[in-house]
Amino acid sequence: MALIVQKFGGSSVADAESIKRVAKRIVDTRRAGNDVVVAVSAMGDTTDELLDLAHAVAPTPAPRELDMLLSSGERISMALLAMTIHSLGYEARSFTGSQAGMITTADHGSARIVDVTPVRLREALDEGAIVIVAGFQGFNRDTRDITTLGRGGSDTTAVALAAALGADVCEIYSDVDGVFTCDPRVVPLARKLDAISAEEMLELAANGAKVLYIRAVEYARRHNVLIHARSTFTSNEGTYVLGEGMTDPRLAKGEDMTDVIGKEEPVVAGVAIDRSQAKITVVGVPDVPGSASAIFTRVSKAGANIDMIVQNVQSASPGRTDISFTLPKEQARGVAQQLQAEQSELGFEAIVHDDQVGKLSVVGAGMRSHSGVSLTLFDALSRHRINIEMISTSEIRISVVLRDTDLDEAARAVHTAYGLDGGVEATVYAGTGR
Ligand code: ADP
Ligand code: ASP
Ligand code: MG
């Protein structure tokens with residue numbers, strides 16, 4: 001008997017009909033002779049709606065209360081799902097994050113899982129029940145408060161459950177057939193990947209591909225959990241995320257993989273886009289040792305997560321330079337205000353806060369051994385007259401910052417330029433993309 005963890009995202013349980021579809025799928029897995037543990041997200045856009053509500057009553061809601069509020073979304077879906085399974089004649093039991101033993105750090109809104117003690121889940125499994133766990137939430141032992149794991153965090157719940165229970169596979173269901181070469185909502189000719197390395201998936205997720213949450217991929221890599229990203233709406237095989245040393249399960253199933261194995265790995269695995277960042281430029285910084293340190297000390301005190309940094313050699317005024325950096329949109333205003341308040345001490349001329357940027361990243365492990373990969377990117381953007389504002393690279397990634405209005409066209413152009421286009425349009429089965 002295998003143990004399968006299945007995670008269903010918001011678009012998979014958006015309404016009563018969808019919950020029934022998911023319940024049938026779970027029961028089918030059970031009927032096939034498997035133990036089933038399910039992690040479920042809040043219905044549809046519930047989490048966004050709860051966030052909107054919170055901000056309608058308080059400009060900066062207290063983090064503890066925000067977690068109490070947001071964690072309620074998953075409580076609704078877990079109970080409804082368990083009831084639906086009962087009505088199909090199967091035993092199911094739902095558990096909150098704390099009942100399931102999801103022990104986290106105390107950081108409200110971005111807690112990390114530090115331990116999983118699934119005692120009650122094991123008991124329920126031993127008694128033959130299907131186990132349903134509320135995704136995205138946990139419990140801190142010191143504060144004794146409910147926490148949440150960050151947006152998209154139900155994926156991490158599922159992977160952590162799979163690791164703690166020694167599951168054979170962690171299936172992450174959503175409204176697309178798996179991991180594509182780019183977001184199929186933006187690039188209709190994106191192709192589904194049969195498998196992707198955890199390393200490449202991490203870079204895609206870190207750079208905006210929300211089909212899998214970055215912390216879930218990290219957790220899976222660390223704990224050797226096999227992730228299978230697939231669609232709720234079909235029974236097609238999706239995408240396997242393969243950590244180091246994992247063999248492709250299609251091989252184990254005896255599928256003919258000769259055409260896959262013989263092929264050289266493509267240089268580029270996929271393209272990711274990210275609209276969540278803003279750009280701040282500190283104009284006319286004194287071009288002397290210590291300037292960058294002084295600025296980023298302030299930025300770090302404000303708790304901001306910096307992504308790219310670019311320093312120009314010289315700005316319009318002699319002896320001065322411009323420093324630009326990107327950071328999450330919601331942190332940008334605070335950081336800009338913090339720097340502005342210390343203008344005379346830092347000695348710069350002005351601060352420019354720009355919300356209208358987008359980031360495009362090209363990811364591929366093959367970049368390590370191939371030169372000229374960036375040229376294809378720059379050339380594609382130039383042919384579409386799209387201006388590049390910042391560039392950064394890692395061993396397996398090239399990222400550029402563009403105007404946000406250019407992002408979609410850029411993604412399609414770059415996708416074509418790297419030869420990633422498939423023959424048919426990808427299907428997005430549900431969801432609002434929010
Ligand atoms: P869920 O609500 O089930 O967690 P998400 O909305 O978080 O699902 O993730 C699925 C969505 O991720 C898709 O609808 C798609 O628009 C988006 N997406 C972004 N990049 C990719 C990609 N490379 N491959 C597939 N989907 C992607
Ligand atoms: N409901 C949470 C969110 O919308 C967690 C999740 O769906 O993964 O972010
Ligand atoms: Mg998600």
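Structure shown above.
(A) Focus on the nonpolar core. Of all hydrophobic cores here, the largest spans 47 residues; its most connected members are V37, V131, V159, C170, M201, L212 and V241. Broken down by element, this core gets its largest block of residues, six residues, from helix α5 (residues 154-165). The contacts of M201, once residues within four sequence positions are left out, are V179, I196, A209, V211, L212, V217 and V241. Grouped together as the second largest cluster of nonpolar side chains are 26 residues, V268, I273, I386 and I398 included.

(B) Expanded view of the site of ligand 1. Neighbouring ligand 1 are 18 residues; K7, D175, F180, D183 and R185 lie closest to it. Contact between ligand 1 and K7: an oxygen atom at 3.0 Å from a side-chain N or O atom of the residue. D175 places a polar side-chain atom, nitrogen or oxygen, 2.7 Å from an oxygen atom of ligand 1. Considered on its own, ligand 1 offers 570 Å² of accessible surface; in the complex 90% of this is hidden by protein. For the shell around ligand 1, a count of residues per class yields eight nonpolar, five polar and five charged.

(C) Structural context of the packing of helix α10 (residues 291-301) against helix α11 (residues 329-341). Packing of α10 against α11 brings their axes to within 9 Å, and their N-to-C directions diverge by 135°. If you check the angle between α10 and α11, you find them oblique. Of the two possible hands of crossing, α10 and α11 adopt the one that is right-handed. For the pair formed by α10 and α11, the contact residues are I295, R298 and V299 on the first element and V335, Q338 and L339 on the second. Its residues assigned to classes, the contact of α10 with α11 comprises four nonpolar, one polar and one charged.

(D) The pattern of salt bridges, seen in detail. Under the definition given, this model contains 27 salt bridges. The shortest N-O distance in the salt bridge between K192 and D194 comes to 3.5 Å. In this structure K192 comes out as partly exposed when scored by relative accessible area, which is 26%. Residue D194 is classed as partly exposed on the basis of its relative accessible area, which comes to 35%. Taken together, the shared-partner salt bridges in this structure form one network comprising K192, D194, D248 and R250.

(E) Quick look at empty space enclosed by the protein. Per the counting criterion, the structure on display carries one cavity of 30 Å³ or more. By volume, the largest cavity amounts to about 40 Å³. Lining the largest cavity are A198, V217, A220, R221, V225, I227, V241, L242, G243 and M246. Listing elements by their share of the lining of the largest cavity, those giving two or more residues are α7 (214-223) and β12 (239-242). In terms of residue count, the dominant contributor to the lining of the largest cavity is α7 (three residues). Taken together, the residues of the lining of the largest cavity break down into eight nonpolar, one polar and one charged.

(F) Geometry of the site of ligand 2. Around ligand 2, the structure places S41, A42, T47, E74, F136, R151, G152, G153 and S154. Measuring from an oxygen atom of ligand 2, one finds a side-chain N or O atom of R151 at 2.7 Å. Contacts to ligand 2 include S154, whose backbone N or O atom sits 3.0 Å from an oxygen atom. In the complex, 88% of the free accessible area of ligand 2, which totals 260 Å², lies under the protein chains.

(G) Spatial organisation of a nonpolar patch on the surface. A cluster of nonpolar side chains, contributed by I76, L80 and M83, occupies part of the molecular surface with about 260 Å² of accessible area. Among the secondary structure elements, L80 is positioned in helix α3 (residues 63-87). When its relative accessible area of 32% is taken as the criterion, L80 is described as partly exposed.

(H) Structural context of the sheet that holds strand β17 (residues 350-354). The strand order across the open sheet built from four strands is β15-β16-β14-β17, with neighbouring strands paired in antiparallel fashion. At either end of the open sheet lies a strand with only one pairing partner, and these are β15 (309-311) and β17. Averaged over all pairs of adjacent strands, the angle between their axes in this sheet comes to 15°, without regard to strand direction. In this structure, strand β14 (residues 277-286) lies alongside β17, joined through five bridges in antiparallel fashion. Bridging across to β17, V283 finds its partner in A350. The sheet strands contacting α10 are β14, β15 and β16 (320-328), and the helix crosses β16 at an angle near 25°. In the packing of α11 onto the sheet, contacts are made with β14, β16 and β17, and the angle to β16 comes to roughly 145°.

The rules behind these values
Per chain, residue numbering runs from 1 following the sequence as it is written. Ligands are numbered from 1 and chains lettered from A, in the order in which they are written. Residues qualify for local features only when their pLDDT is at least 70, as the model is predicted, and side-chain atom pairs are given and counted only at 80 or more; totals for whole chains, interfaces and linings, by contrast, use all residues. The basis for every side-chain value is the complete set of heavy atoms in the structure, and neither hydrogens nor water enter the calculation. In this text, buried Ala, Val, Leu, Ile, Met, Phe, Trp, Tyr and Cys residues form a nonpolar core when linked through side-chain atoms within 4.5 Å. For each residue, the accessible area found with a 1.4 Å probe, counting protein chains only, is set against the maximum for its type, and the residue is called buried under 20%, exposed over 50%, and partly exposed in between. Helix and strand definitions here come from DSSP, where helices need a minimum of 4 consecutive H or I residues and strands a minimum of 2 consecutive E residues; each element is numbered from the N-terminal end. Any two residues whose heavy atoms approach within 4.5 Å at even a single point are treated as in contact. Consider each residue's heavy atoms; a residue with any of them within 4 Å of a molecule or strand counts as near. Within 3.5 Å is the distance limit for a polar contact, defined as a pair of N or O atoms, with the added protein rule that one can donate a hydrogen and the other accept it, and that residues adjacent in sequence qualify only through two side-chain atoms. Here, Shrake-Rupley sampling with a 1.4 Å probe gives the accessible areas, and only protein chains in the shown set may cover a residue. Charged means Asp, Glu, Lys or Arg here, nonpolar means Ala, Val, Leu, Ile, Met, Phe, Trp, Tyr, Cys or Pro, and polar covers whatever is left, Gly included. Comment: axis = line fitted to C-alpha atoms, over the contacting stretch for helices; angle = value between 0 and 180 degrees taken between N-to-C directions. Oblique is the label for every angle not falling under 35 degrees (roughly parallel), over 145 degrees (roughly antiparallel), or within 65 to 115 degrees (roughly perpendicular). What makes a crossing left-handed is the near helix being turned counterclockwise from the far one by less than a right angle; a clockwise turn instead makes it right-handed. A side-chain nitrogen of Lys or Arg and a carboxyl oxygen of Asp or Glu constitute a salt bridge if their distance falls within 4 Å. Cavities and pockets were defined on a 1 Å grid built from protein atoms only: a cavity is a group of points that admits a 1.4 Å probe but offers it no way out, a pocket is an open group of points flanked by protein on both sides within 12 Å along at least five of seven lines, and a lining residue is one with an atom within 4 Å of any such point. Grid points are joined across faces, edges and corners, and a volume is the space filled by probe spheres set on the points. Residues forming no salt bridge and having over 30% relative accessible area are the ones grouped into patches, like charges within 9 Å of each other and nonpolar side chains (Val, Leu, Ile, Met, Phe, Trp, Tyr) within 5 Å. By this definition, two strands are paired if DSSP reports at least two bridges between them.

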